[in-house]
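Per-entry structural report
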Amino acid sequence: MESVEKRSHSKPDYHKINLEQWERREHYRYYTEQLKIEFSLTASLDVTAFLGQCHGKGVRFYPSLIYCAAKVLNEMDHFKMFRDENSDLCCWDTIHPNYTIFHEDDHTFSDCWTGYSPDFPAFYKEICTDMERFKDVKGIKARPGQPENFFCISCVPWVSFTGYSSRTANGEPQFFPILTAGKYQRSGSEIRMPLNLTIAHAVCDGYHAGMFFERLQRELDGFLETI
């Protein structure tokens, strides 16, 4: 993927995409000018080894899953796209997880965010601190100051779904990825968990979505080596 100048004034670091040299330029223009759609894809992930590694290391499942997803997304430029103030297509250097916190007392949720770090121990400590600090803050946004360079991730642990769809009615497609995990449950000798990805077709195709799930599965399987 070609880029032009690096920028780092008021925004986080990013680079502009040279559309004339980008292999998806025609697809991008078609899906931003004619057919403005998002697509949603659900995959069943094997979390058997991942769960065992979390239990063995004494780390929590949800923050660890967020780390693995953030790590993979940050390695794939198609999931870090946005349009700047001039509507030019750009790519963030880093995106940070914006995740949900569930309130047991009134069954509502709030958004929180934590700055991503590829260093798992540092990230895990930070996200657990943030979850504890903002766990009782009600309303949509529990933590203020959400950065522009983010992706969304949440968990619906009450149902093991086979499909999921989330869209803004009559709105423009969103370029940031939205991940939704479901309830994991045993299937034969494996424990499997559904994970849904929703993304704008302008920046991502089925191939890239497939590569995301493939890489995430490898990351989950090799999580013990990470920590």
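Read on for a plain summary of the structure. From a predicted model like this one, the values you see are computed outputs, not experimental measurements.

1. Structural notes on the packing of helix α3 (residues 61-74) against helix α4 (residues 120-134)
Running from amino to carboxyl end, α3 crosses α4 at an angle of 130°, the nearest separation of the two axes being 10 Å. By the angle between their directions, the pair α3 and α4 is classed as oblique. The element α3 and its partner α4 pack so that their crossing is right-handed. Along the contact surface, α3 presents Tyr 62, Pro 63, Ser 64, Ile 66 and Tyr 67, while α4 presents Phe 120, Phe 123, Tyr 124, Ile 127, Cys 128 and Met 131. Taken together, the residues of the contact of α3 with α4 sort by class into 10 nonpolar, one polar and no charged.

2. Points about the environment of Asn 18
With respect to the helices, strands and loops of the structure, Asn 18 is situated in the loop between β2 (14-17) and α1 (25-33). When the C-alpha positions of Asn 18 and Ile 37 are compared, they lie 22 Å apart, and in sequence the two are 19 residues distant.

3. Concerning empty space enclosed by the protein
The gaps left among the atoms become clear once a water-sized probe is rolled over them. Under the definition given, this model contains one cavity of 30 Å³ or more. Lining the largest cavity, in full, are Tyr 31, Thr 32, Lys 36, Arg 83, Glu 172, Pro 173, Phe 175 and Ala 202. Class assignment for the residues of the lining of the largest cavity results in four nonpolar, one polar and three charged.

4. Side note on the packing of aromatic side chains
Under the counting rule described, the total for this entry stands at 20 aromatic pairs. For the ring pair Tyr 14 and Trp 92, a centre distance of 5.7 Å and an interplane angle of 75° mean the geometry is edge-to-face. On the criterion of sequence distance, the pair formed by Tyr 14 in strand β2 and Trp 92 in strand β5 (residues 89-92) is long-range, its members being 78 residues apart. Exposure class is identical for Tyr 14 and Trp 92. Each is buried. Ring centres of Phe 79 and Phe 212 lie 5.7 Å apart, and the angle between their planes is 50°; on these two criteria the pair is classed as tilted. Highlighted residues: Phe 79 in the loop between α3 and β4 (81-83) and Phe 212 in helix α5 (residues 206-221), separated in sequence by 133 residues. Using a relative accessible area of 0% as the deciding quantity, one classes Phe 212 as buried.

Parameters and conventions
Starting from 1, residues in each chain are numbered consecutively following that chain's sequence as written. Per-residue local features are limited, in this predicted model, to residues with pLDDT of at least 70; the limit for side-chain atom pairs, both in listing and counting, is 80 or more; totals at the level of whole chains, interfaces and linings are taken over all residues. Note: side-chain values were computed over all heavy atoms of the structure, leaving out hydrogens and water. To obtain an axis, a line is fitted to C-alpha atoms, over the contacting stretch when the element is a helix, and the angle between two such axes runs from 0 to 180 degrees between their N-to-C directions. Numbered from the N terminus, helices here are DSSP runs of H or I no shorter than four residues, and strands are runs of E no shorter than two. Should an angle lie under 35 degrees it is considered roughly parallel, over 145 roughly antiparallel, and from 65 to 115 roughly perpendicular; all remaining angles are considered oblique. Each crossing gets its handedness from the near helix: less than a right angle anticlockwise from the far helix is left-handed, clockwise is right-handed. Contacts: residue pairs with any heavy atoms within 4.5 Å of one another. Classes in brief: Ala, Val, Leu, Ile, Met, Phe, Trp, Tyr, Cys and Pro nonpolar; Asp, Glu, Lys and Arg charged; the others, Gly included, polar. In this analysis the probe radius is 1.4 Å and the grid spacing 1 Å, with only protein atoms considered; a cavity is a set of points the probe fits into but cannot get out of, a pocket is an open set with protein on both sides within 12 Å along at least five of seven lines, and lining residues have an atom within 4 Å of a point. Grid points are joined across faces, edges and corners, and a volume is the space filled by probe spheres set on the points. Between the rings of Phe, Tyr and Trp (Trp by its six-membered ring), a pair exists once the centres lie within 6.5 Å; its type follows the angle of the planes, with under 30 degrees stacked, over 60 edge-to-face, and the other angles tilted. We call a residue buried when its accessible area falls under 20% of the maximum for its residue type, exposed when it is over 50%, and partly exposed in between, using a 1.4 Å probe and counting protein chains only.

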